[in-house]
Amino acid sequence: MIAYFSTALALASVALGLPNIPEADNAQAVQVTWNAVTSDHVQMSNQFINRWVALHQVSEEKRAVGHSVKAVVGSAPLRNFYNNFWTCPTKIGNSNVFMILDTGSGDTWVRGTGCTSPDTSCKGGNSVSPTDSSLTNLNAQYYTQYGSGYVKGDIFEAPVELAGNNARIPIGVSYEQAGIPTSSDGLFGLGFDSISRISRAVNRNANFVDALGFPQSQNGFSFYLNNYNEGRTGQVIFGGYNGNLMSGPIHFVPLNAQTYWQFDMSQMTWSVGSQTGSMVTSGYSNVISDTGTTMVHLTSEVAAALNGALNAVDVGSGYYSINCGLKNNGPTVKINMNGFTMDIDSSFYVLENGDGTCISGFNGRANSLGINIWGAVITRAYYTIYDKGNSQVGFARAVHG
């Protein structure tokens, strides 16, 4: 069975135990700007993390400055774990790690070398040593409870390098964790600093993007989440987006809070064939776009109606089983966003469990989470631009194949 990942408000999983997959062997680094799209493809193969680090190596002299060097438009490849979550090569201190880049969190934490756990959460993968000479102990601790586990750690100021950019920011280094997939070495928070527990604990900004200091016209980042086993690799870009990985217009929606990447969807509707319905129920009009979540979390009422139109079967706890035979030829779910229609094909919302059964990518857990969440079911289908400078999120149909 495959675990479905959610980090925004709770770490929800259908089952534990993600299988390991080989490292990506065709990552691309592309530099672009918000308005003028150019590309300089750099092919990589074999030693994925080592070659990426060599490509984006920042000198020790620049690291010693103590804060960010000049922000640059830069990209990094994303490694796909069965369309459930994506990890990105990152350098923290003197260690190379793979992090889940998470717009549903304001905190960055990484597995510590002395980490202990009652399960396998601290085993395998890479880690950061609390005794790394480049880290400064801030004498504070970090704790987060997730739906299936928790993380405890000490807070350090650390040099962080990602997509050719570097900054010193407060991060958590775990000494105890449970219920966390071993396939990732930690979470990299790309939500707003206002929701950062680490920031509150040390009374200073812990946001990587804020530390970079991009001008308003480039203050943001974008995600292309590839399909598992397709020819191209996923990609994150800081300071721009890649027009070669999208088709059609970009539709921007304004944020209504600078906490999560949150916006209003009270006027949005869904349709499957001739059946239609509202995307919201009373009291749940907001949604967040979350790169750290697999599924789309809707209210129980909306999920029941939408899944009914897909002939999916309620299996309890807000989840719905669905016929695996629909994966390549099922009906399209259309989401109308004030005149802009998003087409979510069945290849995105029919999720394979790994045991011959499938689950619908639309669940009914928003009531318990307190908010609707758009996970990779949508952000894999649509290239997503997180425009911090203009306080908006943009969506354009992603190019796959």
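Everything numeric in this text was worked out from a predicted model, so none of it was measured.

Procedures and definitions
- Residues numbered from 1 in each chain as written.
- Predicted model: local features only at pLDDT ≥ 70, side-chain atom pairs only at ≥ 80, totals over all residues.
- Heavy atoms only, no water.
- Helix = DSSP H or I, 4+ residues; strand = E, 2+ residues; numbered from the N terminus.
- Contact = heavy atoms within 4.5 Å.
- Buried < 20%, exposed > 50% of the residue type's maximum accessible area, 1.4 Å probe, protein only.
- Arc of directions from axis to C-beta.
- Pairing = 2+ DSSP bridges.
- Core = buried A, V, L, I, M, F, W, Y, C linked by side-chain atoms within 4.5 Å.

Attention now goes to the environment of Ser391. For Ser391, the location among the structural elements is in the loop between strand 28 (382-387) and strand 29 (392-398). If sequence neighbours within four positions are ignored, Ser391 has contacts with Pro254, Leu255 and Gln258.

Here we come to helix 5 (residues 300-309). The set of residues buried in helix 5 consists of Val302, Ala303, Leu306, Asn307 and Ala309. Within helix 5, the buried residues cover an arc of 150° as seen down the axis, which keeps them to one side. Looking at the buried positions of helix 5, the neighbouring elements they touch are strand 16 (269-272), strand 17 (275-278), strand 21 (319-322), strand 22 (333-337), strand 25 (358-360) and strand 26 (362-363). Once helix 5 finishes, Asn311 follows within two positions and takes phi at roughly 60°, a positive value.

Another aspect to go through is the sheet that holds strand 27 (residues 372-374). Taking strand neighbours across the sheet as the criterion, the six strands line up as 14-15-18-27-19-26 in an open arrangement whose pairing is mixed. Of all strands in the sheet, those with a lone pairing partner are strand 14 (257-258) and strand 26, marking the two edges. Two strands pair when backbone bridges link them, and strand 18 (residues 286-289) and strand 27 are joined in this way by three bridges, in the parallel orientation. Counted as the bridge partner of Val287 is Asn372 from strand 27.

Our focus in this paragraph is the side chain of Asn227. Note on placement: Asn227 falls in the loop between strand 11 (220-224) and strand 12 (234-238). Residue Asn227 is classed as buried on the basis of its relative accessible area of 17%. Contacts of Asn227, omitting those with residues within four sequence positions, involve Asn80, Asn83, Phe348, Arg380 and His400.

Attention shifts here to the nonpolar core. Core analysis: the biggest nonpolar cluster contains 78 residues, and Phe238, Met342, Ile344, Phe362 and Trp374 have the highest contact counts within it. Those residues in contact with Phe362 that sit more than four places away from it in its chain are Val296, Leu298, Leu306, Asn307, Leu310, Tyr320, Val333, Ile344, Tyr349 and Val377. With 14 residues, the next largest nonpolar core counts Phe81, Trp109, Ile155 and Ile198 among its residues.

Attention now goes to the pairing of strand 22. Each regular strand displays side chains that alternate between the two surfaces of the sheet. Only one face of strand 22 is covered, namely the face carrying Val333, Ile335 and Met337; the face carrying Lys334 and Asn336 is uncovered. Relative to strand 23 (residues 340-344), strand 22 runs antiparallel, the two being bridged by five bridges. Note that in strand 23 the partner of Asn336 across the bridge is Thr341. What sits between the antiparallel neighbours strand 22 and strand 23 is a turn of two residues, in which Asn338 has the positive phi angle 55°.

Let's shift gears to unusual backbone geometry. Leaving glycine aside, a negative phi is the common case for residues, and trans is the common case for peptide bonds. One non-glycine residue with positive phi stands out, namely Asn229, at about 70°. Structurally, Asn229 is set in the loop between strand 11 and strand 12. Its relative accessible area of 66% is what places Asn229 among the exposed residues. The residue Asn338 is not glycine, and still its phi comes out positive at about 55°. Position of Asn338 among the secondary structure elements: in the loop between strand 22 and strand 23. The class for Asn338 is exposed, based on a relative accessible area of 53%.

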